[in-house]
Each structure stands twice: as structure tokens, then as C-alpha cells.
Amino acid sequence: IGIRFFNVFATAVAVLLIGVSPMDLLIAHRTWQDSVVALFGLILLFGCAEVTVRPRRVAGYVWAALGGLACLLMKESGLLIFGLGLIWLAWFFLVRQRSMARTLGLGLGAAAVLLAALSLLAAAVGGFAMLGTIFRHIKEGMPTNQYALQYQTGPWYHLLLGLWIISSISLVLALLGAAGVLFRRPLENAGLSLRM
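Residues numbered from 1 in each chain as written. Predicted model: local features only at pLDDT ≥ 70, side-chain atom pairs only at ≥ 80, totals over all residues. Heavy atoms only, no water.

Working note: a packed helix pair is described by the angle between its axes plus the distance between those axes. Across the interface, helix α4 (residues 34–53) lies against helix α6 (residues 78–96) with an axial gap of 10 Å and an inter-helix angle of 5°. By the angle class used here, α4 and α6 are roughly parallel. The segment α4 lies against α6, with Val37, Gly41, Leu44, Leu45, Cys48, Ala49, Val51 and Thr52 engaging Ile81, Phe82, Gly85, Trp88, Leu89, Phe92 and Phe93. (Axes fitted to C-alpha atoms, helices over the stretch in contact; angles between N-to-C directions. Helix = DSSP H or I, 4+ residues; strand = E, 2+ residues; numbered from the N terminus. Parallel < 35°, antiparallel > 145°, perpendicular 65-115°, else oblique. Contact = heavy atoms within 4.5 Å.)

Structural data, given as C-alpha cells:
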């Protein structure tokens, strides 16, 4: 993904940083499902990037849909990853392409992916009624989940603070990369390029 959309230097730095990331090493050591969700999140990222670069080709939409579907099926936080991909593509269609038709098509496609995810989950647990019961129990069980209370509560900025404490270099580079992506078009119009 890095070489396809960026350059060799950026890709090498990203691979190095992920290879020594304390968070990823801990997750891999404990064999949590987060690594698998991250893989599907990367597939979604690849699909969204393909759509952004080649909006007329179907392959990007398929990769984004498959990555998003897998994220939704793996973990509750997959909904956040799927939502961020949707926001990215909606912004691209509305702001960059100024196409309401493509934005509406994106909405219909996202609804189809959500319906497919819910249908597959319902089929796995014995129907939509059972799936609703499971969702209710998850919500009801959170106040008694000691792990969640100790490690997953607090204000939103604690996430950024934690990233700063654990991996400040990665956080700074990620913010610079995000800013570079957001301001890419004006730089290229000025005759500059982000590719090396």
C-alpha cells in the first residue's frame, strides 16, 4: 500500500515504525483479534485509496466493501473503522468531485454492506432477535466489565495522550502525513509533488 500510493522512503519508515511499535508488539504477543481487525482495516484503507485515485474503477469499491464488511464482522470497534472509511469517501465525492450522485451511491453501498454484516451475524447466532439480545447484553454488561472500566474509559484526548507517551515519533509522523494528504492538491497545483 505504501509503495503504491506514496514512495519507498515513506513505506520503509512506516514498516520500521510498525515493526517496533510497543502497541502492536503487545497485541501480537497476546494474540488478540486486533491484529486481524487492523489487517481488514488496511484492506479498507487500500480500497478507499484506490477509489480516491481511480474513482471510475470498480476494484477499489470492492476492496473497500470487503475490508469494511470484515471489520464489521470481527469486532465492535470495526464500526468506527468502517465509518472513517465512509467519511473519507463521502468527503472525496462531495468536496473533491462535487458529485451528489456518487455520494448517494456510496450511501447505498454502505447500507448494503451494513445489512450484509448484520445478516451474516444474525445467521451465525440464530436470527435477528438473538442478535438484538446480544447487542443489548453487551451494552448492559459494559458497566460491570472491570477491564473496560479500568482501561477503556476517560476523555477522548487520553487516546492521543497515550499515543504520545507510547510512540510520540509515530504520532507526529501520522499527524504530518494526515496534513500532507489533506493539503496534497494545493501543493501539486503549485508544481510540487509529495512523491519522491
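Further notes follow.
Evaluation of the coordinates by the stated rule reveals three salt bridges. In this structure, arginine 54 engages glutamate 50 in a salt bridge whose closest nitrogen and oxygen atoms are separated by 3.3 Å. A relative accessible area of 30% means that arginine 54 is categorised as partly exposed. Judged by its relative accessible area of 5%, glutamate 50 is buried. The structure contains a network of salt bridges with shared partners spanning Arg4, Glu50 and Arg54. (Salt bridge = Lys/Arg side-chain N within 4 Å of Asp/Glu carboxyl O. Buried < 20%, exposed > 50% of the residue type's maximum accessible area, 1.4 Å probe, protein only.)

Here we come to the side chain of asparagine 7. Within the element layout of this structure, asparagine 7 appears in the loop between α1 (2–5) and α2 (8–19). When its relative accessible area of 9% is taken as the criterion, asparagine 7 is described as buried. Polar side-chain contacts of asparagine 7 include one of 3.1 Å to the backbone nitrogen of phenylalanine 9. One polar contact links the side chain of asparagine 7 to the main-chain amide nitrogen of alanine 10, over a distance of 2.7 Å. (Polar contact = N/O pair within 3.5 Å; in protein donor to acceptor, adjacent residues only side chain to side chain.)

Residue placement: alanine 70 occurs in helix α5 (residues 58–74). In this structure, the C-alpha to C-alpha distance between alanine 70 and isoleucine 43, residues 27 residues apart in sequence, is 9.3 Å.

Topologically, leucine 25 is positioned in helix α3 (residues 22–30). For leucine 25, a relative accessible area of 47% puts it in the partly exposed group. Residues leucine 25 and leucine 182, spaced 157 residues apart in sequence, show a C-alpha to C-alpha distance of 30 Å. Other than its neighbours up to four places away in sequence, leucine 25 contacts Gly19 and Val20.

Leaving glycine aside, a negative phi is the common case for residues, and trans is the common case for peptide bonds. One non-glycine residue, arginine 98, lies in positive phi territory at about 50°. In this fold, arginine 98 is placed in the loop between α6 and α7 (100–125).

Take α5 next. For an α-helix, the turn length of 3.6 residues means that residues three or four places apart are oriented alike. A rise of 1.5 Å per residue sets the reference length of α5, with its 17 residues, at 24 Å; its end C-alpha atoms lie 25 Å apart and thus fit the reference within 8%. Looking at the buried side of α5, the elements it contacts are α4, α6 and α7. (Expected span 1.5 Å × (residues − 1).)

Function cannot be inferred from these measures alone, as they are strictly geometric.
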